[in-house]
Amino acid sequence: MDIYAGIVRYAVHPLWVLKDGKWSLFRYLREFEEFQYRDPQTIKESQWKKLNRLMSHAYENCPFYRSRFDAAGLKPSSIQDPSDFRRIPFLTKKDIQENLPALVATNYNLNDLVPNKTGGSTGSPLHYYHDRERIISMEASAIRHDRWTGYKVGDKMAGIWGSRTDLSGVRGWKGRIQRLLFRSGAILDSSSITDERLAHFVEVLREFKPKSILAYANSVYVFAQYCKEHGVRDIHPASIITSAEVLHDHERVLIEEVFRCKVFNRYGCREVSVIASECSGHSGLHINADTLYVEFVDDNGQAVSPGQQGNIIITDLLNFGMPFLRYKIEDIGSPSETVCPCGRTLPLMQMVAGRTTDFIVTPDGKRVSGAALTIYLISNVPGIRQAQIIQDVLDHVTFKIVPGPEFKDSGLALLKQKVPEFFGEGMRYDITYVDSIPKEPSGKYRFTISKIGSRG
Ligand SMILES: [Zn+2]
């Protein structure tokens, strides 16, 4: 029995939460645990109540939404049902990039909001805010969804992730203490992977023996390939949670075979946290319907039927500091009417396509994670509206860039400075400016494309 896990779960974690003044975390946890078993009609009614509250708030306090509603001839009070709601235009990434100040609620002080940014699903860097209460409810959602995999606060968690600090969200000494206390001890930074690093990670995991591994889908697949090739059979967590990238069926099969545990796929993004995730029923992904309203619509904006593919549109029901109302996240999924054997009534969905990235292999033998490049290279260069990195031969990549008006020489200089940091000195590159980057016929947007056959 893991006694330390119990001490963390029942003493260290609650004290840590109280120290930070995040009392409401416990309330959210109670609410979310109960909500997931409510009857479907009650879930719908609760969402509609929260939607009404959010729409009125956004109309009253966000200049962007007020002019949007007015231009469309809409008032929050005139929106009576989901079909009325679909008349509200989408909030696109471009809208956010061009209207950030007008999206922040005027009854919030900007200094009280928490800024964040993302590489996004399309490589377009995006800046946005959460109010502090939303940060707490997002943490509660993550804890609940982790529990579905058998993992509880206090259990050991390892990570295969694009950045060490990203997993706890806290940098510096505080982050180090937090990771130590909460036992997210073994983290493989998969922003670039070498065989030496993978070998080292095998040793670390043998010692650490995590209950669960939270991983970029492509990265843990590469790790599974390495373990299979090298006969590593003694890494055996109770669960693996994959996220950040689309998980392909053949990847799931290999990961489950090598590590002899179930994979729990999760769909989320930094802007709204967990969107949907698998439970032990593995019948699809349960939508986080207590904090999000998720729609699936065709290219004409009409709701698609269960089983049909649609654009995923998300409304965050709880981020009042900067409302995301009908946010077009640029992923594709389908709603499902399946009833999950786990007994949870949160609606199910299937993921179809989203962030699709290849690893880029460098001349010195590193594999650089495409998902990490979106977040840590491109989103740090100001003014890039969209980007795609294409590797045609081992020592050459092309950056296709859609520049925004704020893309300056300094941004270009920063990109040029970062390229050798990520790809090594031996990588040649070209930069071409384009007006747009088309999606694949499948609807996927490929941020990185490697034509040389990486193992990812
Ligand atoms: Zn379920």
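On a predicted model such as this, the values are computed, not experimentally measured, just so you know.

Visitor: Help me understand the overall build of the protein chain in this model?
Guide: When helices and strands are tallied, the protein chain shows 13 helices and 21 strands. Across the 456 residues in the protein chain, those meeting the buried criterion constitute 43%. Here the analysis covers contacts within the protein chain between residues at least 6 apart in sequence; of these, 70% occur between residues at least 24 apart.

Visitor: Can you help me understand the sheet that holds strand 5 (residues 192–193) in this one?
Guide: If you walk across this open sheet you meet the three strands as 5-17-16, and the pairing is antiparallel. Each edge of the open sheet carries a strand with a single partner, namely strand 5 and strand 16 (360–361). Pairing of strand 5 with strand 17 (residues 367–368) involves two bridges; the strand directions are antiparallel. For Ser192, the partnering residue across the bridge sits in strand 17 and is Val368.

Visitor: Help me out: how do you make sense of the environment of Thr291 in this one?
Guide: Take Thr291: it is sitting in the loop between strand 10 (285–287) and strand 11 (292–297). Remark: the alpha-carbon pair of Thr291 and Leu318, spanning 27 residues in sequence, is separated by 6.1 Å. Filtering out sequence-adjacent residues up to four positions away, Thr291 remains in contact with Ser137, Ser141, Asp316, Leu317 and Leu318.

Visitor: What is the right way to look at the packing of helix 9 (residues 195–208) against helix 10 (residues 217–229) in this model?
Guide: Viewed as axis vectors pointing N to C, helix 9 and helix 10 meet at an angle of 80°, and their least axial separation amounts to 11 Å. In terms of their interaxial angle, helix 9 and helix 10 are classed as roughly perpendicular. Between helix 9, through Asp195, Leu198, Phe201 and Val202, and helix 10, the contact on the second element is made entirely by Phe223, Tyr226 and Cys227.

Visitor: Explanation requested: the packing of helix 10 against helix 11 (residues 249–259) in the structure shown.
Guide: A packed helix pair is summarised by two numbers, namely the angle formed by the two axes and the spacing between the axes. Look at helix 10 against helix 11: their axes get within 9 Å of each other, and the N-to-C directions meet at 50°. One finds that helix 10 runs oblique with respect to helix 11. Helix-helix and strand crossings are classified by hand; for helix 10 and helix 11 the assignment is left-handed. Facing helix 10, whose interface residues are Ala217, Val220, Tyr221, Ala224, Gln225, Cys227 and Lys228, helix 11 presents Glu251, Leu254, Ile255, Val258 and Phe259. Along the lines of polarity and charge, the residues of the contact of helix 10 with helix 11 split into nine nonpolar, one polar and two charged.

Visitor: In this structure, what is going on with the pairing of strand 7 (residues 239–243)? I would like to understand it.
Guide: Along a regular strand, successive side chains alternate from one face of the sheet to the other. Here strand 7 lies mainly inside the structure; five of its five residues are buried. Neither face of strand 7 is left uncovered, since the one carrying Ser239, Ile241 and Ser243 and the one carrying Ile240 and Thr242 both have all their residues buried. Both strand 6 (residues 212–216) and strand 7 contribute to a ladder of five bridges, which runs parallel. Note that in strand 7 the partner of Leu214 across the bridge is Ile241. In terms of handedness, the path from strand 6 via helix 10 over to strand 7 forms a crossover that is right-handed. Alignment of strand 7 against strand 8 (residues 262–269), held across four bridges, turns out to be parallel. Its bridge partner lying in strand 8, Ile241 is registered against Phe264. In this fold, the crossover linking strand 7 to strand 8 by way of helix 11 has right-handed handedness.

Visitor: What is the right way to look at unusual backbone geometry in this model?
Guide: Working note: non-glycine residues mostly have negative phi, and peptide bonds are mostly trans. In the Ramachandran plot, Lys209 falls in the positive-phi region, its phi being about 50° despite a non-glycine side chain. Within the secondary structure, Lys209 is located in the loop between helix 9 and strand 6. With a phi angle near 50°, Arg260 is a residue other than glycine that sits in the positive phi range. Relative to the helices and strands, Arg260 is located in the loop between helix 11 and strand 8.

Visitor: Can you walk me through helix 7 (residues 132–147) in this structure?
Guide: Each α-helix turn comprises 3.6 residues. Residues three or four places apart therefore point the same way. For helix 7, which comprises 16 residues, the first-to-last C-alpha distance of 23 Å matches the rise-based estimate of 22 Å (1.5 Å per residue) to within 8%. Here helix 7 has its buried residues at Arg134, Ile136, Ser137, Met138, Ala140, Ser141, Arg144, His145 and Asp146. In this fold, the buried residues of helix 7 make contact with helix 2 (24–35), strand 2 (126–130), strand 8 and strand 9 (273–277).

Visitor: What is the right way to read the pairing of strand 20 (residues 428–433) from this model?
Guide: For strand 20, the tally of buried residues reaches only zero of six residues, placing the bulk of the element at the surface. Examined bridge by bridge, strand 19 (residues 396–403) and strand 20 share six bridges and lie parallel to one another. Across the sheet, the residue bridging to Thr398 is Asp430, located in strand 20. Chirality of the crossover, the property in question, places the unit of strand 19, helix 13 (residues 409–423) and strand 20 among those that are right-handed.

Visitor: So what exactly am I meant to see when it comes to the nonpolar core here?
Guide: The tendency in soluble globular proteins is for nonpolar side chains to be buried side by side. Of all hydrophobic cores here, the largest spans 53 residues; its most connected members are Ala215 and Val220. Among the domains, domain 1 (1–35 + 132–270) and domain 3 (356–450) are the pair contributing at least three residues each to this core. If we skip the residues at most four places from it in the chain, Ala215 touches Gly159, Ile160, Trp161, Val220, Ile240, Ile241 and Thr242.

Visitor: Where do I start with the environment of Tyr10 in this structure?
Guide: Following the sequence through the fold, Tyr10 ends up in helix 1 (residues 3–19). On the basis of neighbour count, Tyr10 is assigned to the exposed category, with 12 C-beta atoms found within 10 Å. Linking Tyr10 and Val153, residues 143 residues apart in sequence, is a C-alpha distance of 9.0 Å.

Visitor: Honestly, helix 4 (residues 63–71) in this entry has me stumped. Any pointers?
Guide: Along helix 4, the positions that sit buried rather than exposed are Phe64, Tyr65, Arg68 and Phe69. Taken down its axis, helix 4 places every buried residue within 120° of arc, on the same side. Among the exposed residues of helix 4, those oriented more than 90 degrees off its buried face are Ser67, Asp70 and Ala71. On its buried face, helix 4 sits against helix 3 (40–61) and helix 6 (93–103). Residue Gly73 follows helix 4 closely and has a positive phi angle near 70°.

Rules and cut-offs
- Residues numbered from 1 in each chain as written.
- Predicted model: local features only at pLDDT ≥ 70, side-chain atom pairs only at ≥ 80, totals over all residues.
- Helix = DSSP H or I, 4+ residues; strand = E, 2+ residues; numbered from the N terminus.
- Buried ≥ 20, exposed ≤ 12 C-beta atoms within 10 Å, placed from the backbone.
- Contact = placed C-beta atoms within 7 Å.
- Pairing = 2+ DSSP bridges.
- Axes fitted to C-alpha atoms, helices over the stretch in contact; angles between N-to-C directions.
- Parallel < 35°, antiparallel > 145°, perpendicular 65-115°, else oblique.
- Left-handed = near helix turned anticlockwise from the far one by under 90°.
- Nonpolar A, V, L, I, M, F, W, Y, C, P; charged D, E, K, R; others polar.
- Right-handed = clockwise from strand over helix to strand, strands pointing away.
- Expected span 1.5 Å × (residues − 1).
- Core = buried A, V, L, I, M, F, W, Y, C linked by C-beta atoms within 7 Å.
- Domains from an automatic or database assignment.
- Arc of directions from axis to C-beta.

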